[in-house]
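Overview (structure and organization)
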Amino acid sequence: MTFEEIKNTFIAYLKDNAHRITNERFLILNAALNMEEHFDADELYLKMKNDYLNVSRATVYKTLELMSECEILTKHNFKGDRTRYETKIGRKPHYHLICVNCNKIIEFEYPQIEKIQDKICKDNNFKMVDHTLQVFAKCNDEKTCKNNSGN
Ligand SMILES: [Zn+2]
Ligand SMILES: [Zn+2]
């Protein structure tokens, strides 16, 4: 999907839900799509400020919420960490392995997990609309893992 197509998806969503369509929102959309994996609202806000893009912090928070509602972004609540977002469009289903000490995140794909989830839905006569898997663990990176206690 091109940026224009994503933008049109977003405009349609804003219209359908009677949200204001402003240039500020498109600046945020563009900046969010250019962020590295799993970012939070403040990281995006600071990045935009550093790039001399004049947006309010509240609008960044609100617009990220809207972008996740219309499925341009996925919203994650990793245990004990701030709400994080990542681009959803164009990405394969993947899961997250999270270090509980330093919040390092490893992404992994594992198609068998999708099959199992599909089967569980079918067995219970449900139709799957979304799924998520987060594995919390301790990484073994002594150099970068801040609170590494050695176990
Ligand atoms: Zn991810
Ligand atoms: Zn760690």
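For clarity, every value in this text was computed on a predicted model and none was experimentally measured.

Things to note about the coordination of the zinc ion (ligand 1)
For the zinc ion (ligand 1), every protein donor is listed as His38 (NE2), Glu86 (OE), Glu86 (OE), His94 (NE2), His96 (NE2) and Glu107 (OE), and the spread of their distances is 2.0 to 2.5 Å. Classification of the site at the zinc ion (ligand 1) rests on its 6 donor atoms, whose angles at the metal span 55 to 172 degrees, yielding the label irregular. On the primary sequence, the residues serving as donors to the zinc ion (ligand 1) are separated as H-x47-E-x7-H-x1-H-x10-E. A residue pair is termed long-range when its members are at least 10 positions apart, and histidine 94 in the loop between β2 (84-87) and β3 (95-99) and glutamate 107 in strand β4 (residues 105-108) qualify at 13 residues.

Re the pairing of β4
The pairing of β3 with β4 spans 4 bridges and is classified as antiparallel. Looking at the pairing, histidine 96 lines up with glutamate 107 of β4. Hairpin connection of β3 to β4: 5 residues between the antiparallel strands, including asparagine 103 at a positive phi of 65 degrees.

Here's the deal with the domain arrangement of the protein
Reports often express the size of an interface as the amount of accessible area lost when the parts come together. Domain boundaries in the protein define domain 1 (1-90) and domain 2 (92-141). Centre-to-centre separation of domain 1 and domain 2, based on C-alpha positions: 23 Å. Counting the surface lost from both domain 1 and domain 2, the interface buries some 840 Å², and carbon and sulfur atoms represent 52% of this. When the buried area of domain 1 at its contact with domain 2 is split by residue, His38, Phe78 and Lys79 rank highest and sum to 51% of it. Along the contact surface separating domain 1 from domain 2 lie 0 salt bridges.

Let's talk about the sheet that holds β3
Taken in spatial order, the 3 strands make up an open sheet running β4-β3-β5, and their pairing is mixed. The open sheet terminates on both sides in strands that have one partner only, identified here as β4 and β5 (134-137). The sheet shows a mean angle of 20 degrees between the axes of neighbouring strands, direction not considered.

Details of the coordination of the zinc ion (ligand 2)
Distances from the zinc ion (ligand 2) to its protein donors, namely Cys99 (SG), Cys102 (SG), Cys139 (SG) and Cys145 (SG), fall within the range 2.2 to 2.3 Å. Taken in sequence order, the residues that donate to the zinc ion (ligand 2) follow the motif C-x2-C-x36-C-x5-C. Across the pair, cysteine 145 and cysteine 139 agree in class, each one buried.

Section: the pattern of salt bridges
In the structure shown here, the tally under the stated rule is 10 salt bridges. Among the ionic pairs, arginine 84 bridges to glutamate 43, the shortest N-O distance being 3.7 Å. Linking arginine 84 in strand β2 with glutamate 43 in helix α3 (residues 41-50), this pair joins segments that are 41 residues apart in sequence. With relative accessibility at 12%, the residue arginine 84 sits in the buried group. Assessed through its relative accessible area of 33%, glutamate 43 is described here as partly exposed.

Thoughts on the packing of helix α1 (residues 3-16) against helix α4 (residues 57-69)
Contact geometry of α1 with α4 gives a least axis separation of 10 Å together with a crossing angle of 100 degrees. Relative to α4, α1 is oriented roughly perpendicular. Judged by residue contacts, Phe10, Tyr13 and Leu14 of α1 engage Thr63, Leu66, Met67 and Glu69 from α4.

Comments concerning a nonpolar patch on the surface
On the surface, Leu97, Ile106 and Val135 cluster together into a nonpolar patch covering about 200 Å² of accessible area. Within the secondary structure, isoleucine 106 sits in strand β4. We classify isoleucine 106 as partly exposed; its relative accessible area is 41%.

The rules we used
Residues numbered from 1 in each chain as written. Chains lettered and ligands numbered in written order. Predicted model: local features only at pLDDT ≥ 70, side-chain atom pairs only at ≥ 80, totals over all residues. Heavy atoms only, no water. Donors = N, O, S within 2.8 Å, 3.2 Å for Na, K, Ca; no water. Tetrahedral: all angles 85-135°; square planar, octahedral: opposite > 155°, others 65-115°. Helix = DSSP H or I, 4+ residues; strand = E, 2+ residues; numbered from the N terminus. Pairing = 2+ DSSP bridges. Domains from an automatic or database assignment. Buried area = accessible area lost by both parts, 1.4 Å probe. Salt bridge = Lys/Arg side-chain N within 4 Å of Asp/Glu carboxyl O. Axes fitted to C-alpha atoms, helices over the stretch in contact; angles between N-to-C directions. Buried < 20%, exposed > 50% of the residue type's maximum accessible area, 1.4 Å probe, protein only. Parallel < 35°, antiparallel > 145°, perpendicular 65-115°, else oblique. Contact = heavy atoms within 4.5 Å. Patch = residues over 30% accessible without salt bridge, like charges linked within 9 Å, V, L, I, M, F, W, Y side chains within 5 Å. Areas by Shrake-Rupley, 256 points an atom, 1.4 Å probe, with all protein chains shown as cover.

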